[in-house]
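A look at the structure
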Amino acid sequence: MVSPMPLFTPEDLLRYLYKESSPELTAAIKVALSQNWTLREQMEELQTSVNQLDTEKQVVAPRMEVVLRVLQYARDTAIETTSKS
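This brings us to the overall build of the protein. Within the protein, the secondary structure is distributed over four helices and zero strands. Walking the protein from its N terminus toward its C terminus, one meets helices and strands in the order α-α-α-α. The proportion of buried residues among the 85 residues of the protein is 16%. Restricting the contact set of the protein to residue pairs at least 6 apart, pairs at least 24 apart contribute 51%. Only carbon and sulfur atoms are counted for the fraction: they give 60% of the accessible area of the protein, which is about 7,300 Å².

The subject of this paragraph is the environment of Glu-11. Mapped onto the elements, Glu-11 comes out in helix 1 (residues 10–17). Taking the relative accessible area as the measure of exposure, Glu-11 reaches 46% and is therefore partly exposed.

What follows is about the side chain of Thr-26. By the secondary structure assignment, Thr-26 is in helix 2 (residues 23–35). Engagement of the side chain of Thr-26 in a polar contact is seen with the side chain of Ser-21, the distance being 2.5 Å. Beyond its immediate chain neighbours, meaning those up to four positions away, Thr-26 contacts Tyr-16 and Ser-21.

About the criteria used
Residues numbered from 1 in each chain as written. Predicted model: local features only at pLDDT ≥ 70, side-chain atom pairs only at ≥ 80, totals over all residues. Heavy atoms only, no water. Helix = DSSP H or I, 4+ residues; strand = E, 2+ residues; numbered from the N terminus. Buried < 20%, exposed > 50% of the residue type's maximum accessible area, 1.4 Å probe, protein only. Contact = heavy atoms within 4.5 Å. Areas by Shrake-Rupley, 256 points an atom, 1.4 Å probe, with all protein chains shown as cover. Polar contact = N/O pair within 3.5 Å; in protein donor to acceptor, adjacent residues only side chain to side chain.

Laid out in structure tokens, this is it:
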């Protein structure tokens with residue numbers, strides 16, 4: 001009788017992707033990936049999401065125009081606050 005395929009939580013798969021899983025879990029996931037196309041699809045989706053998050057991390061700086069507007073607003077409100085005192 002063939003033993004059933006172990007179920008992996010999304011957290012297990014993320015640990016595997018980030019290379020933070022135990023050696024036993026890593027081995028079990030590798031075997032399951034080689035035998036289970038549904039799990040491979042899940043892993044590909046997670047990998048795509050991780051890649052998108054990593055890409056978005058690099059594009060977090062605001063445009064210079066926005067920074068200048070915020071600084072101008074801060075100056076304007078600072079002048080208003082000090083003139084009311």
